[in-house]
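Descriptive structure summary
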Amino acid sequence: MAKRPEIAEPIEVYKGWINRKHDAVVVNLQTWQGNNLVDIRKWIMDRDGRLKASPKGIAISVRRLRDLHNALGRAIAKAEELKLIDGEDAE
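What comes next concerns the included structure. (Residues numbered from 1 in each chain as written. Predicted model: local features only at pLDDT ≥ 70, side-chain atom pairs only at ≥ 80, totals over all residues. Heavy atoms only, no water.)

1. Describing the pattern of salt bridges
Heads up, the rule is: Salt bridges are defined by distance alone: a side-chain nitrogen of Lys or Arg within 4 Å of a carboxyl oxygen of Asp or Glu. The classification of residues rests on relative accessible area computed with a 1.4 Å probe and restricted to protein chains. Under 20% of the type maximum is buried, over 50% is exposed, and intermediate values are partly exposed.
What the rule picks out here adds up to seven salt bridges. A salt bridge links Arg-50 to Asp-46; the shortest N-O distance between them is 3.7 Å. You can call Asp-46 partly exposed: its relative accessible area is 21%. As a salt-bridge pair, Asp-67 and Arg-64 come within 2.0 Å of each other at their nearest N and O atoms. Under the relative-accessibility criterion, Asp-67 is labelled partly exposed at 36%. Via salt bridges that share partners, Asp-46, Asp-48 and Arg-50 belong to a single interconnected network.

Here you go:
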């Protein structure tokens, strides 16, 4: 298998606020120790108004990204079936 390109700096692909304290969930693509990862992490607003990465999150190989996508699709379908969300909840 050919060596995959490395990502020099994290690439932010999503940021969304999760509460009134302005904490956020951030999704980045990045390379760490030679491994390309998707990092989904909670970021916390500090006293100076800057977001700082928290230890709460998950980083998985980008090779598993399609599996995660499929799992999230099943979670959305189940949440809709249970009336936890509807199509209007999408942003």
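Still more to cover.
2. Quick word on unusual backbone geometry
Our working definition: Secondary structure counts use DSSP, requiring at least four H or I residues in a row for a helix and at least two E residues in a row for a strand, with both numbered from the N terminus.
In this structure, His-22 takes a positive phi of about 65 degrees despite not being glycine. Structurally, the position occupied by His-22 is in the loop between β1 (11-17) and β2 (24-32). Non-glycine residue Lys-83 carries a positive phi angle of around 65 degrees. Look at Lys-83 and you get exposed, because its relative accessible area is 70%.

3. A few points about a nonpolar patch on the surface
To be explicit about the condition: Patch membership requires more than 30% relative accessible area and the absence of a salt bridge. Residues of like charge join within 9 Å; the nonpolar side chains Val, Leu, Ile, Met, Phe, Trp and Tyr join within 5 Å. Note on areas: these come from Shrake-Rupley sampling with a 1.4 Å probe, and a residue is covered only by the protein chains present in the view.
A cluster of nonpolar side chains, namely Ile-11, Val-13 and Tyr-14, defines an oily patch on the protein surface of about 280 Å² accessible area. According to the relative accessible area criterion, Val-13 is partly exposed, its value standing at 49%.

4. Section: helix α1 (residues 65-81)
Rules: Multiplying 1.5 Å by the residue count of a helix minus one yields the expected span of that helix.
Between its first and last C-alpha atoms α1 spans 24 Å; for 17 residues at 1.5 Å apiece the expected length is 24 Å, and the two agree. Once α1 ends, the next one or two residues include Lys-83, with phi positive near 65 degrees.

5. Quick look at the pairing of β2
What counts here: At least two bridges found by DSSP between two strands is the condition for calling them paired.
For β1 and β2, the ladder comprises six bridges, and the chain directions are antiparallel. Directly across from Lys-15, in β2, lies its bridge partner Val-26. Between β1 and β2, which pair antiparallel in sequence order, lie six residues; one of them, His-22, sits at a positive phi of approximately 65 degrees. Sheet analysis places β2 next to strand β3 (residues 35-45), joined by nine bridges and oriented antiparallel. Considered in β3, the bridge of Val-26 is made with Arg-41. Here β2 folds back onto β3 in antiparallel fashion, the turn holding two residues, of which Gln-33 has a positive phi close to 50 degrees.

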